[in-house]
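Structure at a glance
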Amino acid sequence: MNNYNVILMLCNWGAHSAYQTLQDTGAEIPPEISMVRIPCTGRISKSLLFKAFEMGADGVALVGCEPGTCRYGSGTAAAIENTGDMREILDLLGLGKDRLRLATFLPDDSEPLLQFLKDFCSEIRALGKSPVKHVKAAKPEPATKKALSDIVSSHDVFACQDCGKCTSACPLTLAGKQFSPRALAGSIIAGDIDSPEVQDDIWACLTCGLCYDRCPSAVNFPEFIRDLRHFSKQRNLDGHEAHGGFFQSLMRAMTSSGLKARRWDWLPDNIRIDNESKILFFGGCAPYFDIFFRSHLGVETCNIITDSLRLLNFFDIRPALLQDERCCGHDLLWSGDKDNFLKLARLNVDLIHSLGVEEVVTACPECYRTLVHDYNEYGVKLNCKVTHIYDLLETEIDKGAVDFKKIDKKLTFQDPCRLSRFEQREDLPRMLLKRLKPGGFQEMSDKGSAAICCGNSAWTGCDSFSKALQVKRLRQAKETGSNLLVTACPKCQIHLQCAMEDPFLGEELKMEMMDLTGLLAKTIYWE
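Residue positions are counted from 1 within each chain, in the order its sequence is given. Note on the predicted model: pLDDT of at least 70 is required for a residue's local features to be given, and 80 or more for side-chain atom pairs to be given and counted; whole-chain, interface and lining totals, by contrast, use all residues. Only hydrogens and water are removed before side-chain values are computed, so all heavy atoms of the structure are retained for them.

1. Overview of the sheet that holds strand β12 (residues 484-487)
Think of a sheet as strands paired side by side through backbone hydrogen bonds, with each pair either parallel or antiparallel. Worth spelling out the cut-off: In this analysis, strands are considered paired if DSSP registers two or more bridges between them. Numbering of helices and strands starts at the N terminus; helices are DSSP runs of H or I of at least 4 residues and strands are runs of E of at least 2. Comment: axis = line fitted to C-alpha atoms, over the contacting stretch for helices; angle = value between 0 and 180 degrees taken between N-to-C directions.
If you walk across this open sheet you meet the four strands as β11-β10-β12-β13, and the pairing is parallel. Of all strands in the sheet, those bounded by a partner on one side alone are β11 (437-441) and β13 (512-515). Strand-to-strand, the axes of this sheet are offset by a mean angle of 45 degrees, without reference to chain direction. Inspection of the sheet shows strand β10 (residues 406-413) paired to β11 by four bridges, in the parallel sense. Directly across from lysine 406, in β11, lies its bridge partner lysine 437.

2. Thoughts on the pairing of strand β2 (residues 33-38)
For a regular strand, side-chain orientation follows a simple rule: the groups alternate between the two sheet faces. The criterion, for reference: With strands facing away from the observer, any crossover in which the path from the first strand over the helix to the second runs clockwise is taken as right-handed.
Of the pairings in the sheet, the one linking strand β1 (residues 6-11) to β2 comprises six bridges and is parallel in character. Bridging from a neighbouring strand, leucine 8 pairs with methionine 35 of β2. Running through helix α1 (residues 14-24), the crossover from β1 to the neighbouring parallel element β2 is right-handed.

3. Structural notes on the environment of lysine 510
What counts, and what does not: We call a residue buried when its accessible area falls under 20% of the maximum for its residue type, exposed when it is over 50%, and partly exposed in between, using a 1.4 Å probe and counting protein chains only. Contact definition: two residues touch when any of their heavy atoms are within 4.5 Å. Think of a polar contact as two N or O atoms within 3.5 Å of one another; within protein, one of them needs to be a possible hydrogen donor and the other a possible acceptor, and neighboring residues in sequence only count if both atoms come from side chains.
With respect to the helices and strands, lysine 510 occurs in the loop between α23 (506-509) and β13. With a relative accessible area of 33%, lysine 510 lands in the partly exposed category. Setting aside chain neighbours within four positions, we find lysine 510 in contact with Lys478, Met500 and Glu501. Only 3.3 Å separates the side chain of lysine 510 from the backbone oxygen of methionine 500, close enough to count as a polar contact.

4. Details of helix α11 (residues 221-234)
Test applied: By definition here, a helix of n residues has an expected span of 1.5 Å times n minus one.
Between its first and last C-alpha atoms α11 spans 20 Å; for 14 residues at 1.5 Å apiece the expected length is 20 Å, and the two agree. Among the 14 residues of α11, 13 are classified as buried, and the element is accordingly described as predominantly covered. A distance of 3.3 Å separates the backbone nitrogen of glutamate 223 from a side-chain oxygen at the start of α11, and that oxygen is part of asparagine 220. Looking at the residues trailing α11, positive phi occurs at asparagine 236, about 60 degrees.

Right, dumping it as structure tokens:
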């Protein structure tokens, strides 16, 4: 017999009174129910809702007060918004939206509450056990001096000349944060990894690569940070994840092989695909981003995917799509969870190989970096070519007979760190930008390999200093006199849009943004 686990998150006020009556009268509450008292349904974020599923819940019921009776005023409205978003994410992931329900009751609604619980548990049994397999955290490993020394040696951190060029270039340092790559390297060499200051710095680093670009000893500081984070995670230390760790939790859930995602149900009908194609398009996590952030940022990073597919169709390429596509694992790797990164990598590679494709095309710089380099570095061999869509487009456009409509906008460009510095391909998007016909194009003062990061990487370490960095970057964009900021990474859009929502500086910073794929797709035509 299957033992189902249904989590009941119960508001401490009106709904709990109704539940207390059921307990006091000995009502037959379904045995699957595990009740958790909460202060208010509005306090249960999307990350907390999803965490229950990651931990093995087969269903989650968020039960609170009737609209208009919330003790805190807006709690019920916040709960409606959060559960609505999460139901869509669960559907996209392949868990199914019906595993999450929101219900509201008055204190004397004990019988309706009991009927709701019975009906919900019956629905969960009909759906079956959750395909998400919870993996318990490993026992903390001892922090041996040798293990730390091995990390230092593997990245040749001893070669640091203590010149300070990394610190003088670091965007976080220049934003006012007491952060120094040079000082952090010195602390780790000295064996200090446990002090709060050092741990904060390990998770604050943007891993943007500017320090590596400037280092005369070629110390790869971002990869050094990546391995320090893994070392910290092995010891179960706090990872400083942003948004309550939602995205890390989502990606860990994706390592469950039994998930059958509804990954592409949202695509427009006019997108042409061919599941027998030898070219696969790898989309990335934009659909999850758009649902998660839509209520307060309104980003539309899914347009990057649809515009990329339209461009492929324009050149008569009908790509295959990976129906069970999961996250590439970039954010898990760079937030210290190497073990689950490897699980995702193996799942993705097995699925890609099963299609027999010869080439994988992606528009996301993080997916590109991960598929090209990180999979191979960690022993997960992808036996096909990986192409960034900009390379494919440049090749196709260069064949001729293609032109672009005029754009009544003056443009500037935000470089993605993973493409400009990690891949040293800052020239690639600029070749495409030069083919466009805008009202003008002006680079920001920091550009190319010297470009400033959008302020966050791998959903870690977001704070007031990363916000200050985003404000600085947007001011640089405005100083160019441009009225359209062209991006090349979904996270750049998200983080810069977040800065534009600042209640004090927002109007000063607001600027239209569009991904380069969108500009190309909307203006390209056959001559």
